[in-house]
Each structure stands twice: as C-alpha cells, then as structure tokens.
Amino acid sequence: MKTCQIAPSILSADFSRLGDEARAVIAGGADLIHFDVMDNHYVPNLTIGPMVCEALKPHVSVPIDVHLMVRPVDRLASDFAKAGAAIISFHPEASDHIDRTIALIHDGGCKAGLVFNPATPLVWLDHVLDKLDLVLIMSVNPGFGGQSFIPEALNKLALARSRIDAITARTGREIRLEVDGGVKVDNIASIAKAGADTFVAGSAIFGGGDYKKIIAALRAAATGA
Ligand code: DX5
Ligand code: ZN
C-alpha cells in the first residue's frame, strides 16, 4: 500500500487569509494543497483562478493539487501549469479531447488526473489509464464543500484500485487514487480500506480548529495506526 497523503481543500479556508491558511495546514502536516477551481458553468459555483494560484505559490512548500471544475478545460489547464500547479485534474465530460488535454498537462510539466463524478462510469479510463498520474473519485457532487459522503464511492474506489494495480503491475507506473468530498475522521478508515491513498478534506480540516490535530487524526485513521 502506498503512503497516505492528506490534501486539505482550501475551498473551506478563510479566503481573506489564504496564504496564512495554506502555511498553517502545511505546518500541520498537509502533503498537498487541494485547489478547487469552479467556473459557474460546469458547476454552479465560482471560486479562484490561476492568478490566485500564482499568488499562493510562494506560501506553499508542498505540491499544489489543482482540481478543475471548468468547461472548456484546455486553456485553464495550461494557465495553471504556468501558475505553479504540480498536479492538474479535470472532468472527462468537460473536455472535448481527453487524450489531448492529458498531453497538454504533461507538456506543461505537471501530473495529470481524471476526475469521476458520482454517476460518471470508470469506462472513461479504458484507453487513457496508462497515461494518468492520478484518478480522482468524487464522493459528492462537485461544486460545494461540506456535503455528505456518498457511500457508492466506496464501490467505485475498489474498482478503480484494481484497475490501477493491474496497470502498475504491468508497467510499473505509479498512479495515485484520490477521493474528494465528505471525508471525515470517522469515515476515512473505510475509504482507505476501499483503496484510496490520497484524501481531500475541506470542512473536516478547516472547520475543525486545530489543523495539526485533525490532520494527524485523519492520517492515523486512514493508516490504521
Ligand atoms: C467539491 C470540491 C471539494 C470540497 C471538499 O466540489 O471538489 O474539494 O472542497 O470539501 P469537503 O471535504 O468539505 O467535502
Ligand atoms: Zn476538489
């Protein structure tokens, strides 16, 4: 099993103090900063773009994990690569040319991820899994923090895990399996057991007070410590 990574979603941070908030969760043990980009078109909410990513970058000593909830994808994917993203993930329904978008992200020097909404089938992985660095399973419908975990995501994580393991066994390629939405201290153990190795948590971390304590509790529960 791969090392567990905890990725606080700054969607639930205090937006008036984003640099401080990012530094605080990194000091508290965050492995990645999850950066939710919403366009009021692909999802019914509007958040932050590449300029904010660029401004945040000097405050962030861990990889920035950009989750694009935008349509179209390609222009913003390139802009985020230039703005300091390390990982860029997008939803297959939002791209007209998925293989091309993955190549564009790699050409920008970033890792590429594909994101699956709760009702989106894993069939989109069929011809591109061996080009991906990350598969992201949404356990809520995208657009908002603070929603409840959808249990069917556990079945989907298990299916994605076996597909990833088969590719890794064949090619040696490392592909992370990330989960996003409603991840809490009391459900992360079952999510880890289903196969996730990278855990986005927004409201659980930023709504919980002591970031270090919550990140440690999430990690301990995920690793069975
Ligand atoms: C939802 C976002 C999530 C969100 C998770 O569209 O992609 O990253 O911030 O928030 P919680 O952990 O509160 O469900
Ligand atoms: Zn997200």
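All values derive from a computational prediction rather than experimental measurement.

Peer 1: How would you sum up the side chain of Thr101? Please name residues and give values.
Peer 2: By the element assignment, Thr101 lies in helix H4 (residues 98–107). A residue is classified by how much of its surface remains accessible, and Thr101, at 0% relative accessible area, is buried. Ignoring anything within four residues of it in the chain, the contact list for Thr101 reads Val73, Asp74, Phe90 and Ser95.

Peer 1: Which residues make up the sheet that holds strand E7 (residues 176–180), and what values go with them?
Peer 2: Taken together, the eight strands give an open sheet; going across it, the order is E1-E8-E7-E6-E5-E4-E3-E2, and neighbouring strands pair in parallel fashion. At either end of the open sheet lies a strand with only one pairing partner, and these are strand E1 (5–8) and strand E2 (33–38). For this sheet the average axis-to-axis angle between neighbouring strands, irrespective of direction, equals 25 degrees. Pairing of strand E6 (residues 134–138) with E7 involves five bridges; the strand directions are parallel.

Peer 1: Hey, could you go over the nonpolar core for me, with residue numbers and the actual values?
Peer 2: Counting 73 residues, the largest nonpolar core has Phe35, Leu68, Ile88, Val135 and Phe199 as the members making the most contacts within it. With near-sequence residues (within four places) excluded, Phe35 lies in contact with Ile10, Ile48, Gly49, Val52, Cys53, Leu56, Ile64, Asp65, Val66, His67 and Phe80. Ala7, Val115, Leu134 and Leu136 belong to the second-largest nonpolar core, a separate cluster that totals nine residues.

Peer 1: Can you tell me about the environment of Ile188, naming the residues and giving the values?
Peer 2: Its place among the elements puts Ile188 in helix H6 (residues 188–194). When the C-alpha positions of Ile188 and Phe80 are compared, they lie 29 Å apart, and in sequence the two are 108 residues distant. Filtering out sequence-adjacent residues up to four positions away, Ile188 remains in contact with Ile6, Val183, Phe199, Leu218, Ala221 and Ala222.

Peer 1: I'd like a rundown of the pairing of E7, residues and numbers included.
Peer 2: Regular strands have side chains that alternate between both faces of the sheet. Among the five residues that make up E7, five are buried, leaving the element largely enclosed by the rest of the structure. Burial along E7 is two-sided: the face carrying Arg176, Glu178 and Asp180 and the face carrying Leu177 and Val179 are both buried. Remark: the E6/helix H5 (residues 152–171)/E7 crossover connection has right-handed handedness. One ladder, built from three bridges, connects E7 with strand E8 (residues 198–201); its direction is parallel. Bridge assignment links Asp180 to a residue of E8, and that residue is Val200. For the handedness criterion, the β-α-β arrangement of E7, H6 and E8 is classed as right-handed.

Here is what the cut-offs are and how they apply
Residues numbered from 1 in each chain as written. Chains lettered and ligands numbered in written order. Predicted model: local features only at pLDDT ≥ 70, side-chain atom pairs only at ≥ 80, totals over all residues. Heavy atoms only, no water. Helix = DSSP H or I, 4+ residues; strand = E, 2+ residues; numbered from the N terminus. Buried < 20%, exposed > 50% of the residue type's maximum accessible area, 1.4 Å probe, protein only. Contact = heavy atoms within 4.5 Å. Pairing = 2+ DSSP bridges. Axes fitted to C-alpha atoms, helices over the stretch in contact; angles between N-to-C directions. Core = buried A, V, L, I, M, F, W, Y, C linked by side-chain atoms within 4.5 Å. Right-handed = clockwise from strand over helix to strand, strands pointing away.

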